[in-house]
Amino acid sequence: MILCCGEALIDMLPRQSESGEAVFAPYPGGAVFNTSVALGRLGVPVGLLTGLSRDLFGQRLERSLQASHVAYDLAIRSDRPTTLAFVTLKDGQAQYAFYDENTAGRMLAPQDMPGRLEGVSALFFGGISLAVEPCAEAYAALCLREAGTRPVMLDPNIRPGFIADEARYRERLNGMLAVADIVKLSDEDLVWLEGDGDLPDLAAKVLARGPKLLCLTEGASGVTGYTGSGSVFVEAQKAQVVDTVGAGDTFNAGFLASLHGGGVLTKAALADLSDDALRDALTLGARAAAITVARAGANPPWAAELQ
């Protein structure tokens, strides 16, 4: 089972009422939640480790996880409220306003993390959960604890406006980058992390930190997988973009699903991944993401839609 570790929240998406009034409608979301749902829909055994509220929004998140075959028995339950993210769209690009103080997802501590992870073959970390405390420290501690024995994928999905203490965030992220096997970054993430420069040169700097593989997404320009021995480029799939909510999260799931299906989601295999296996994983990630951007909200495809 792949265990996705991070936030589950409610996206309040802009809609229009029957009378034409602008409103916000609640939809289950969060970067790590979306990745877990996309993996479940692709038929991959998956679980979600998150802080889950007992409120009405938390119950809605539970129903969505059940519907997409995502296990959540490791979720940490509380009576704190669910995080809300109000989304506005500009030219199809999502912009967020988070309401996250004292929430079930945010108020996790290292001692809340589970002990032995029975049945877990790989871990995925990412999203805003790595930017806010105390949950960021909890997930970082789990990552560092488990990375020696299980492959780890990291997608920080960097949102500069959400980072209160940049120095502390960078220190935490650097520690996780050093032990991660796979890192996914957008081109904007990469420049924020390493500064200006040619993308291949910046990618090499990230690999020098420790990862075996870097997936660099550039939106409609495609995605490149960088390893210590070279790179593989895959074009973006053509799609009529409705919005980009959940696109990167769905890519992560498609990428992991391909590695899992090919039997190469292990630390040993990732250290010597063939170009063909990398290309297959990048391609499935791009195909899955193209379906998500073609419909409103984070609505990842089911396996049958990719046949």
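Please refer to the structure placed before this passage.
Small disclaimer: the values here were computed from a predicted structure and weren't measured.

Novice: Before we move on, can you summarise the overall build of the protein with the specific residues and values?
Specialist: The secondary structure content of the protein amounts to 9 helices and 14 strands. Compactness check: the protein gives a C-alpha radius of gyration of 18 Å against a globular reference of 19 Å for 307 residues, within 12% of the reference. Overall, the protein is about 55 × 45 × 40 Å in size when its C-alpha atoms are taken along their principal axes. Within the protein, buried positions represent 55% of all 307 residues. A sequence separation of at least 24 residues applies to 69% of the contacts in the protein between residues at least 6 apart. As displayed, the protein has an accessible area near 13,100 Å², and 49% of this comes from carbon and sulfur atoms. Between the mean site of the 25 positive side-chain charges and the mean site of the 37 negative ones, the protein shows a separation of 4 Å.

Novice: An account of the pattern of salt bridges is requested, with residue identities and associated values reported.
Specialist: On inspection of all chains with the given rule, the structure shows 17 salt bridges. Taking the shortest distance from any N to any O, the salt bridge between D100 and R106 comes out at 3.9 Å. A salt bridge links R150 to E146, with the nearest nitrogen and oxygen atoms 2.3 Å apart. Through salt bridges with shared partners, a single network forms among E133, E137, R168 and R172.

Novice: Which residues make up the sheet that holds strand 9 (residues 122-126), and what are the values?
Specialist: Strand pairing in a sheet relies on backbone hydrogen bonds, with the paired strands running either antiparallel or parallel. Strand order in the open sheet made by the 8 strands is 4-1-9-10-11-12-13-14, with mixed pairing throughout. The open sheet has two edge strands, strand 4 (46-49) and strand 14 (230-234), and neither has a second partner. In this sheet, neighbouring strand axes are inclined to one another by 20° on average, regardless of whether the strands run parallel or antiparallel. Pairing of strand 1 (residues 2-5) with strand 9 involves 4 bridges; the strand directions are parallel. Its bridge partner lying in strand 9, C5 is registered against F125. Across the face of the sheet, helix 5 (residues 187-194) comes into contact with strand 10 (152-155), strand 11 (182-186) and strand 12 (213-217) while running at roughly 100° to strand 11.

Cut-offs and rules
- Residues numbered from 1 in each chain as written.
- Predicted model: local features only at pLDDT ≥ 70, side-chain atom pairs only at ≥ 80, totals over all residues.
- Heavy atoms only, no water.
- Helix = DSSP H or I, 4+ residues; strand = E, 2+ residues; numbered from the N terminus.
- Rg over C-alpha atoms; globule rule 2.2 N^0.38 Å.
- Buried < 20%, exposed > 50% of the residue type's maximum accessible area, 1.4 Å probe, protein only.
- Contact = heavy atoms within 4.5 Å.
- Areas by Shrake-Rupley, 256 points an atom, 1.4 Å probe, with all protein chains shown as cover.
- Lys, Arg positive; Asp, Glu negative; His and termini not counted.
- Charge placed at Lys NZ, Arg CZ, Asp CG, Glu CD.
- Salt bridge = Lys/Arg side-chain N within 4 Å of Asp/Glu carboxyl O.
- Pairing = 2+ DSSP bridges.
- Axes fitted to C-alpha atoms, helices over the stretch in contact; angles between N-to-C directions.

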